[in-house]
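Listed below, chain by chain, are the residues.
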Amino acid sequence: MLYRLLALNIDGTLLRSNGRLQHSTKDAIEFVQKKDVYITLVTNRHFQSAKKVAKALKIDSHLITHGGAFIGNRLDEPLYVKRISEEKTFNIVQVLEYFNCNIRIIHERFSIGNRKKISSNLVSKMLLNSSDPLFYPIQFVGSLADALIDEPVAAPKIDVYFDTKEELKEAEKTILDSFYDVDVIEIHDGKIEIVPKGISKLNGLQVLGNHLGIKLDEMVAIGDGLDDLDMIQQAGLGVAMGNAPFEVKRAADWITRSNDEQGVSYMVKEHFRKQYPIKFLNKIKNR
């Protein structure tokens, strides 16, 4: 099978546990680019943070960001964007503020969140993964709902962090029961993401594939999280990282090493070394 697109998750896949890129990963990306394979990043990060990682890897392509809600190569000219309306964002925030949680509206240009103190360190970890505040302003307010009255926001994605699994589940049920046109994605025990209905990493891959004329079965998708599960199942070659949970590994066609053991570079070089450059194959085909 000739694979024409490589889709890579960022956190837990491309990056090591310390948030850094390995030099071998950069070499692997360059190796695949020489095969004329289109490379994209598929991530829950906001666009500007993903673009920063892409720049470090010398990837200049459309990126699937905000969990699939914002796709593009440039901030000002997205290929695709879908948002929760201003009114719906406000209503969702009003409901969430009844719970003990940290709420962050993730716009492509900025983030705004409440100052709710929770014991989890998830929020601080997330802040470390944000791009330069000079280019991506991050603001915290006492009441997010009050702030939205003065300055409404149509959110591509809302991140919510909880102290307990029980409260997370209760909030998730409340949101799904109250709002028919959004989806709730559970990232792990402490975090959910609220996105417009139908938004997912898999949907983002389909949108990009339709734009490029590349079918899902011509794609390789590599990820480590439960939110990567669908794209790993549906891609032509679905790859789970060694640090992925059991459910993700079970769904994958290929299991590579962990993100701390050069899992991406190992898989990419093992597989794509067998594939001739696409331009070369097309040239032979047209003779």
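As shown above, the structure is provided for reference.
Overview of the structure. Position labels on residues start from 1 in each chain and follow its written sequence. Owing to the predicted nature of the model, reporting of local features is limited to residues with pLDDT of at least 70; listing and counting of side-chain atom pairs is limited to 80 or more, with chain, interface and lining totals taken over all residues. Side-chain measures here rest on the full set of heavy atoms in the structure, leaving out hydrogens and waters.

As a further point, take the overall build of the protein chain. What the protein chain contains, in helices and strands, is 12 helices and 14 strands. Radius of gyration: C-alpha atoms only; globule rule: 2.2 Å multiplied by the number of residues to the exponent 0.38. On C-alpha atoms alone, the protein chain measures out to a radius of gyration of 19 Å, which is about the 19 Å that the 2.2 N^0.38 rule sets for 287 residues. Expressed as lengths along the three principal axes of its C-alpha atoms, the size of the protein chain is roughly 65 × 35 × 35 Å. Of the roughly 13700 Å² of accessible surface on the protein chain, 49% is carried by carbon and sulfur atoms. Each helix is a run of DSSP H or I of at least 4 residues and each strand a run of E of at least 2, with the numbering of both proceeding from the N terminus. Only the protein chains shown count as cover for residues, and all accessible areas are computed by the Shrake-Rupley method using a 1.4 Å probe.

This part covers the sheet that holds strand S4 (residues 70-72). Reading across the sheet, the 3 strands line up as S3-S4-S5 and stay open at both edges, with antiparallel pairing between neighbours. Each end of this open sheet is capped by a strand with a single partner; those strands are strand S3 (63-65) and strand S5 (80-81). Here, any two strands with at least 2 DSSP bridges between them count as paired. As paired elements, S3 and S4 share 3 bridges and run antiparallel to each other. Of the residues in S4, the one forming a bridge with Thr 65 is Phe 70. Strands in contact with helix H3 (residues 47-56) are S3 and S4; relative to S3, the strand with the most contacts, it is inclined by about 140 degrees. Lying over the sheet, helix H8 (residues 201-212) contacts S3, S4 and S5, oriented at roughly 150 degrees with respect to S3. We call two residues in contact whenever any of their non-hydrogen atoms come within 4.5 Å of each other. The convention used is that axes are lines fitted to C-alpha atoms, helices contributing only their stretch in contact, and that angles between N-to-C directions extend from 0 to 180 degrees.

On to unusual backbone geometry. Of note, the phi angle at Asp 36 is positive, near 65 degrees, even though the residue is not glycine. Locating Asp 36 in the fold gives a position in the loop between helix H2 (23-33) and strand S2 (38-41). Overall, the relative accessible area of 26% leaves Asp 36 in the partly exposed class. With a phi close to 55 degrees, His 66 is a non-glycine residue in the positive phi region. By the element assignment, His 66 lies in the loop between S3 and S4. Buried means the residue's accessible area, taken with a 1.4 Å probe over protein chains only, is under 20% of the maximum for its type, while exposed means over 50%, and partly exposed covers the values in between.

This part is about the sheet that holds strand S11 (residues 191-196). Taken in spatial order, the 6 strands line up as S8-S7-S6-S9-S11-S10 in an open sheet, and their pairing is mixed. Only two strands of the sheet have a single neighbouring strand rather than two, namely strand S8 (138-141) and strand S10 (182-188). Averaged over all neighbouring strand pairs, the angle between strand axes comes to 20 degrees, with direction disregarded. Alignment of strand S9 (residues 157-162) against S11, held across 4 bridges, turns out to be antiparallel. For Asp 159, the partnering residue across the bridge sits in S11 and is Glu 193. Packing against the sheet, helix H4 (residues 86-96) makes contact with strand S6 (101-106), S9, S10 and S11, and its axis sits at approximately 165 degrees to S6. The sheet strands contacting helix H7 (residues 165-178) are S9, S10 and S11, and the helix crosses S10 at an angle near 165 degrees.

Now for the pattern of salt bridges. Here a salt bridge means any side-chain nitrogen of Lys or Arg lying within 4 Å of a carboxyl oxygen belonging to Asp or Glu. The full count for this structure, using the stated rule, is 20 salt bridges. The partner of Lys 191 in a salt bridge is Glu 193, with the nearest N and O atoms 3.2 Å apart. Within the structure, one salt-bridge network assembled from shared partners comprises Lys 157, Asp 159, Lys 191 and Glu 193.

Okay, the pairing of strand S12 (residues 219-223) next. Burial of S12 is extensive: 5 of the 5 residues sit out of reach of the surface. Sheet analysis places strand S1 (residues 5-8) next to S12, joined by 4 bridges and oriented parallel. Its bridge partner being in S12, Leu 8 is matched across the sheet by Ile 222. Here 4 bridges tie S12 to strand S13 (residues 237-240), and the two strands are oriented parallel to one another. Of the residues in S13, the one forming a bridge with Ile 222 is Val 239. Clockwise travel from the first strand over the helix to the second, with the strands pointing away from the viewer, marks a crossover as right-handed. A crossover links S12 with its parallel partner S13, the connecting element being helix H9 (residues 229-234), and its sense is right-handed.

A few words now on the environment of Gln 262. Here Gln 262 is to be found in the loop between strand S14 (254-255) and helix H11 (263-272). Considering only alpha carbons, one finds Gln 262 and Thr 43, 219 residues apart in sequence, at a separation of 19 Å. Other than its neighbours up to four places away in sequence, Gln 262 contacts Gln 22 and Ser 24.

Looking only at H4, the buried set comprises Lys 88, Thr 89, Ile 92, Val 93, Val 95 and Leu 96. On an axial view of H4, the arc spanned by its buried residues comes to 160 degrees, and they lie on one face. Against S6, helix H6 (144-150), S9, H7, S10 and S11 lie the buried residues of H4. Taken from the helix axis, the directions to the C-beta atoms give the arc we talk about.

At a minimum axis separation of 8 Å, H2 and H11 run at an interaxial angle of 25 degrees. Looking at the two axes, H2 sits roughly parallel to H11. For H2 against H11, the interelement crossing comes out left-handed. Two secondary-structure elements touch here, H2 through Ser 24, Thr 25, Asp 27, Ala 28, Phe 31 and Val 32 and H11 through Val 264, Ser 265, Val 268, Lys 269 and Phe 272. Roughly parallel covers angles under 35 degrees, roughly antiparallel covers those over 145, roughly perpendicular covers 65 to 115, and oblique covers all other angles. In this scheme the crossing of two helices becomes right-handed for a clockwise turn of the near helix relative to the far one and left-handed for an anticlockwise turn of less than a right angle.

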